[in-house]
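One letter stands for each residue in the lines below.
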Amino acid sequence: MEFLSFLIKRVLWSVLVLVGLSMVIFVIARVVPGDPARMALGPRATPEQVAQLQTELGLDRPIVAQYGRFIEGLTRGDLGRSLLTERPVNDDIRETFAATFELVLCTMVLAMGIGVPLGMIAAYWKDQWPDTAVRFFAIFAAVTPSFFLALLLQILAGYVLHLLPTTGRLPNSMEFEASTTGLLLIDSVIAGRWDVLGEALRHLLLPAIALAAATMGQMARLTRASMIDVSRQDYIEAARAFGIPEWLRVTKYMLRPSFVPPLTIMGLEFASLIGGAFVVEMVFAWPGMAAYGIRTILQKDLNAVMGVVMVSGVFFVLVNLAIDVMVGFVDPRVRIRGRR
Amino acid sequence: MTLTKLMTTSAAVAFMALGTAGLAENVVTMNTVQIFGTIDPAKISDYTDYMAAVNLYDGLISVDSSGNLIPELAESWVVSPDAKEVTFKIRDDAKFTDGTPVEASDVIYSIERLLKINLGPANLFADVLTPGSVTAVDAKTVKFTLAKTFAPFLTTVPAIFILNADAVKPNEGTDDAQGWLATNVAGAGAYSLKSWDRGAEMTITRNPDYYKGFLEGPIDTVHWIITSDEATVKSLAASGELMMTSQFQSPETYKALVDMGRFQMVSQDTGTAFYLKLNTKVAPTDDIHIRRALALATDYATIREVIFPGGVLSTPLPKAFADFHNGDIPEPKFDLEAAKAEIAQSKYAGAPIPITLGYVAGTGFEEEISLLMQSNLEQLGFVVTQAADPWNRITEIAGKVETTPAVNQIFFGPTYPSPDSMFFTQYHSKAAGTWASMEWVNDPEIDGMIDAARATGDTAEQAKIYKTLQAKLVEMQPDVFLLTQTVQHAMDKCLTGFKAVPMQSFDYDFTRYQWTCK
Amino acid sequence: MTDAPLTNAYQNWFRFSRNPTAMIGLVIVVICVMAAILAPHITPFPDHVGAVTNFRARHLPPSSINWFGTDNVGRDIFTRVIFGLRISLLLAVVVLGIAIPVGTILGMAAGYFGGWTEIVIMRVTDIALAIPPLVMALAVAAVLSPDLLHSMLAIASLWWTWHTRMIYSITRQLRTQEFIEAAETLGASKFHILFREILPNCVSAIAVKTSLDCGFVILVGAALSFLGLGIQPPTPDLGTMVAQGASFLPDYWWESVLPGLAILFLALGFNLLGDGLRDLFDVEDVR
């Protein structure tokens, strides 16, 4: 019951944030020097065409009415047309988003899957060499620009060792349409195409590492700190006194509560993950939404850019919602305290 | 004994290779640096557009690497003595990709539609063709009646691609099928569109039933990847995915690809010129002395030898147009002292002179040239601003005098195999307002000479006019004549067939290419 | 608490200087800042900052003359890296110069006044947090023209949120403490309480956060220039140098790797320094 009300509050809150976000984007899109209708039609348009589109878009109406239209368009999933591709922006984003989603998802798995155990190791051997090593790693991971790491990985794995592919999601020669979910890892399994699965994984590895490194360091650091925190708590002392075996103490009684701070921070880190995806996708020629965003920015393709910003924001809010619900599930205190 | 054995073995190997060759596709993956703007034959305008169109559609005639007109859909043509009537005979076996025959009515439909939409190649036929100019003599014969004598007319015909009228008409809608032909192809080309993501790639596949047939070892699939990023090109080449580079990679990339062993460099002189187009209507390049100073402050040898390979360009017309090139004009010199003297004579002398250098963003060699210019110009008292813009932004700012930068790095190659293409599109006031005419010359005398050359069928007379025209343009200095492009590609050693063609990007008609490895 | 300020500062310095990572961080930061300030005097080819070209000396590997080698038009990379530090540091100063005062004031107001002030400020903060700074900078670049100033403003327009959140939580904790209540009973003005009572208690947290943030802002700025939204050529900018050098990988690795290492070095310095300050002041909440 109490969990339900927490959930409702949290969802309402997310909706509010999204409305705010839409306002921000609307304002940015409207402070453009120049006429949105002319920009949408491109340089070859005649004045009559521009006037017609202005009426169509309602640009002659008051700003509040314009915002209403904008919101109405958003709810219908209508983000306007892209100048670059001459297609509806939502079609473009739908196609490219899957690639970004797959990359970011793998990045999160990698960051948590390696970062948390590293933090546990560091906490367990606190102030000994594994701890020092992990702390060093965490600091360097945090301060290495993701594009630089991406380039280094490309040189090392791509050019020097010839281990892994350095561009794209699949080899050009490979025929495969990810039509079910858009995620290669899932669709290839559904289709039973193990060769595609293997190639998709090989292509994913370098970009995911480049993108994950900073978050991985952050996770290791936080896990370490909160494990040490928890280990000082009375109930752990009690468990030790009761002679509960050490492995059980560490994994069961300490891990679950110490998992909360890294999980919460993961949500916030997510914004920088999306930002990082922009550079990493460019370096690895990853056909994702971020690469689409950069291409359209350079072409001054406003609808597309605003679409990308909006979708990034929605993505961020939804992930945070999911994480909050997960945290609320893991740690009952959160539900009572409210959010964070 | 050993010899026989060896022979049998190799025969067996050859046989096996042949067996698999039947199964394996010949895929050519090539990178290109600009996006494909459109595939509608009535709208195609730039080099990249034509690269797709020439493979997806066929015209009545085409052009070979020497600039000669060669048959395509038309097997023969007759020009009337007064050069005002041209009659084409369409091949009996010419058919569209859907199997229906190509007929005179299709040609008429394609041209009427082109004139109505009035974009892309339509400007070639302004005042020359009007609705009704093209008539059917019979189902397989079509006659063009020109409104006035237009000497280069025949050389512009390859720019007209023939649509399948029966396939287009049901999709006309209210916009003459512009919406439908933006993503669909209805022609007689050797290739069909398989996929197209405007920002990223295009894939076309071979039509096995193509009426003209193919050479041995035909290219089954052509896959264009849109990227100018050198790292991506190298990485695609290293992983074996790339077969052919664009012509705009850096020398470092070409070298890296050749070092991989799989690639060879193919290079050819072309009729494409590389200019610094000077906006003659804005400060400071509105002053002839400043324009001359810019020409004298350009380090031609370094550009040609180190930054971008090319030959000497001394007039607006490259030497490739041998009969029309004015060989008496000396090649431009790099002389900073003389440049100083010119500046002293200009109305801007005595104070720092602000100047904007425009170039295509993300193009390495153009940025290097821009830096080279800046370092020389700063010694002469210019205050330089670099303006790097993406290509479609440049096409936009070229539309108005005020937004056109003072100096612009622009390549211009013949859009049809006639000197008229080089002069009309760049210097005639009727063609003003495009990226090809950023000089804004707008000079009645120049217009008159271009028109005079168009109105005569006499080649000697034309040559005389064009030579005077070149002298006049060099005198006016609306451009710095940087170089004639030596086109370069790194190509897989198994891929042959690249030959520069002096018309748009007809050199990327992939029916002319062969995969020679089995 | 009763120590004289001088002794206190001395003690702090003593503790700080015993922390090796913090000291390393401080040394790196001081070296970088000094190098940036003295760039024209300590670099071998100060004129290579502009549009100097020497195509005979392009792509030279690191040597005793060109410590970091030369780039594609023959300029000395070491010189350009040192000058490039200036742009990175400038970016950090401008962004944080806007973000810290704004974030601090809003955070204190939200935490102290509560009610609608709190709701409005914190909700706006949450909305702003939903936009990744890099994405925002890209959107602004699309609307205006892509250059350094616009990128800085875009980053600054979102960066204050982190400071607001931090100051807000500190203020909330302080609000119920005795010395604030005492000041209120004595009739101190709101201004006095915010800036004389609460602010001094936030200083150590701000110091730690600022140091850590310098590193992060520099990284975001470098990413923007890497994507082509930085300062126009020929002014040296580390992110742009990495991007340009990347065209010549792997043969001429120094053209991108060494400027990249410079960014890493600078960010590392601020990070270590921030970590050290955190240990020193014992503030935990700071990211």
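Residues numbered from 1 in each chain as written. Chains lettered and ligands numbered in written order. Predicted model: local features only at pLDDT ≥ 70, side-chain atom pairs only at ≥ 80, totals over all residues.

Concerning the overall build of chain C
Broken down by element type, chain C carries 11 helices and zero strands. Along chain C, from the amino end to the carboxyl end, the secondary structure elements read α-α-α-α-α-α-α-α-α-α-α. Across its three principal directions, the C-alpha atoms of chain C cover 75 × 50 × 25 Å. Burial analysis of chain C (287 residues in total) assigns 53% to the buried set. (Helix = DSSP H or I, 4+ residues; strand = E, 2+ residues; numbered from the N terminus. Buried ≥ 20, exposed ≤ 12 C-beta atoms within 10 Å, placed from the backbone.)

Notes on the interface of chain B and chain A
With 21 residues of chain B at the contact, the number on the chain A side is 19 residues. Where the side of chain B that touches chain A is concerned, the elements lending two or more residues are β1 (27-32), α7 (230-238) and α13 (391-397) of chain B. Each residue belonging to the side of chain B that touches chain A can be placed in one class, and the counts come to seven nonpolar, 10 polar and four charged. (Contact = placed C-beta atoms within 7 Å. Nonpolar A, V, L, I, M, F, W, Y, C, P; charged D, E, K, R; others polar.)

A look at the confidence of the model for chain A
Residues and elements named next belong to chain A. With 89% of its residues at a pLDDT of 70 or more, chain A shows a mean pLDDT of 80. Per-element confidence in chain A is highest for helix α6 (residues 129-143), whose mean pLDDT is 89, and lowest for helix α15 (residues 332-337), whose mean pLDDT is 55. Note on residues 336-340: pLDDT is under 50 here. Beyond four places in sequence and across chains, it has three contacts. (pLDDT = per-residue confidence, 0-100.)

Digging into the pairing of strand β15 (residues 407-412) of chain B
Residue and element names in this part refer to chain B. Counting buried positions along β15 yields six of six residues, so the element is predominantly enclosed. Where strand β11 (residues 263-278) meets β15, six bridges bridge the pair, whose relative direction is antiparallel. Counterpart to A273 in the pairing with β15 is F412. Pairing between strand β13 (residues 353-360) and β15: two bridges, direction parallel. Within the sheet, the bridge partner assigned to G358 lies in β15 and is N408. (Pairing = 2+ DSSP bridges.)

Details of the interface of chain A and chain C
Between chain A and chain C, the contact holds 38 residues from the first and 35 residues from the second. Elements that contribute at least two residues to the side of chain A that touches chain C include exactly α1 (2-30), α6, α7 (146-160), α12 (260-283), α13 (289-298) and α14 (302-330) of chain A. For the side of chain A that touches chain C, the element with the highest residue contribution is α14 of chain A, accounting for eight residues. A breakdown of the residues in the side of chain A that touches chain C according to their chemical character gives 30 nonpolar, seven polar and one charged.

Notes on helix α9 (residues 190-226) of chain C
Residue and element names in this part refer to chain C. With 37 residues, α9 ought to run about 54 Å at 1.5 Å a step, yet its terminal C-alpha atoms sit only 46 Å apart, falling short of that. Within α9, the axis deviates most sharply at L199, by approximately 50°, and proline P200 lies no more than four positions further along. After α9 finishes, the residue G228 shows a positive phi value of roughly 95°. (Expected span 1.5 Å × (residues − 1). Bend = angle between axes of the 7 residues up to and from the residue.)

Concerning the sheet that holds strand β14 (residues 382-389) of chain B
Residue and element names in this part refer to chain B. The strand order β12-β16-β11-β15-β13-β14 describes an open sheet built from six strands, whose pairing is mixed. Unpaired on one side and paired on the other, β12 (310-311) and β14 mark the two borders of the sheet. Here β11 pairs with strand β16 (residues 479-492) via 12 bridges, running antiparallel. The residue of β16 that forms the bridge with K277 is D479.

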